[in-house]
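# Summary of structural features
Each chain, written out:
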Amino acid sequence: MRKRLTMRKPKVLLTGFEPFDGATFNISEKIVSEFSNLRFDNFSVETEILTVDEKGSNVVCKKLKNNKFDCIIMLGYNNKIKKINVEHKAINKIQMKIKDNSGRMIDSDFIISSAPNELFSTISLEKLFQESPIEFDFSSNAGTFICNETYFRTLEKIYSKNILDKQNKILPCVFIHLPLDTFEPVSKQIEFISWAIQKIIFQEVLDVVAAVIRNEKGEILVAKRKHD
């Protein structure tokens, strides 16, 4: 009897943060908790609430050692925004104006001394994030606190270890800052994250045709298009 092969559903890692700086609520924790109760037909979601300290900033990196994910989306809270912000990059800098939840306070330092000054999301954001159901902004400033630290450590791990998805492409990873639900309701934020996940893991695949042109001498025609 021939066995029926079943394709593995894409697996997404979705993270948020616990409250910090004396607060009792973090919108990213709320969104991730809501996702943990949802079920999707065409992909699965693993959720994780990160601690707001150095240990929490390394959790995703450690998970990449033993898990195969097809997409990583990290969520954080920004009290200065009124729209969802999709972060282009993380910088190799940690500078704290408040203590983290472990009591750590760093005036200014590199996150990883041997790493580049900045690392960009592994996703072509402008190309992919079109026709969004929710209005949002692109951002190139993820701050210098734990959100940026977590984003930078994760990107550095993906790039330095060449971690790939199931299509053998660099693992998609992006950080998204969320506003309070007074500016964007939880239901709308969940709708945006769900839409973003599907846009990332179900990217359109184009079929192409290649040909080799030879002459009687066995020479092969090689041509290169101009950049325009």
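Conventions we followed
Residues numbered from 1 in each chain as written. Predicted model: local features only at pLDDT ≥ 70, side-chain atom pairs only at ≥ 80, totals over all residues. Heavy atoms only, no water. Phe/Tyr/Trp six-rings, centres within 6.5 Å; stacked < 30°, edge-to-face > 60°. Helix = DSSP H or I, 4+ residues; strand = E, 2+ residues; numbered from the N terminus. Buried < 20%, exposed > 50% of the residue type's maximum accessible area, 1.4 Å probe, protein only. Contact = heavy atoms within 4.5 Å. Salt bridge = Lys/Arg side-chain N within 4 Å of Asp/Glu carboxyl O. Arc of directions from axis to C-beta. Pairing = 2+ DSSP bridges. Axes fitted to C-alpha atoms, helices over the stretch in contact; angles between N-to-C directions.

What follows is about the packing of aromatic side chains. On inspection of all chains with the given rule, the structure shows eleven aromatic pairs. With a centroid separation of 5.1 Å and 85 degrees between ring planes, the pair formed by Phe136 and Phe138 is classed as edge-to-face.

By secondary structure assignment, the location of Asn78 is in the loop between β3 (71-77) and β4 (84-87). Look at Asn78 and you get buried, because its relative accessible area is 19%. In this view, Asn78 contacts His177, Leu178 and Pro179; residues no more than four positions away in its chain are not counted.

A few words now on the pattern of salt bridges. Taken as a whole, this structure holds 13 salt bridges when the rule is applied. Glu46 is the salt-bridge partner of Lys63, the closest N and O atoms lying 2.7 Å from each other. Placement of Lys63 in helix α3 (residues 59-66) and of Glu46 in strand β2 (residues 44-50) is noted, with a sequence separation of 17 residues between them. Of the charged contacts in the structure, one is a salt bridge between Arg104 and Asp100, with a shortest N-O distance of 2.8 Å. Classification of Arg104 as buried rests on a relative accessible area of 16%. Connected via shared salt-bridge partners are Glu54, Asp100, Arg104, Glu149 and Arg153.

Moving on: α3. Taken together, the buried positions of α3 are Val60, Cys61, Lys63 and Leu64. Along the long axis of α3, the arc covered by the buried residues comes to 160 degrees, so they all point the same way. More than 90 degrees from the buried face of α3, the exposed residues found are Lys62, Lys65 and Asn66. The elements touched by buried residues of α3 are β1 (11-17), β2, β3 and α5 (146-161).

Attention now moves to the sheet that holds β4. Pairing in this open sheet of six strands is mixed, and the strands run β2-β1-β3-β8-β4-β7 from one edge to the other. Looking at strand neighbours, the two that pair on one side only are β2 and β7 (136-139), the edges of this open sheet. On average, each strand axis in the sheet is inclined to that of its neighbour by 25 degrees, with strand direction left out of account. Sheet contacts for α3: β1, β2 and β3; angle to β2, the most-contacted strand, approximately 145 degrees. Where α5 meets the sheet, its contacts fall on β1, β2, β3, β4 and β8 (173-178), and the angle it forms with β8 comes to roughly 170 degrees.

Checked against the element boundaries, Asp100 lands in the loop between β5 (89-91) and β6 (118-120). Residue Asp100 is classed as buried on the basis of its relative accessible area of 4%. Sequence-distant contacts of Asp100, defined by excluding residues within four places in its chain, comprise Val52, Asp53, Glu54, Phe145 and Ile146.

Honestly, that's just the spatial picture; any functional story needs more than this.
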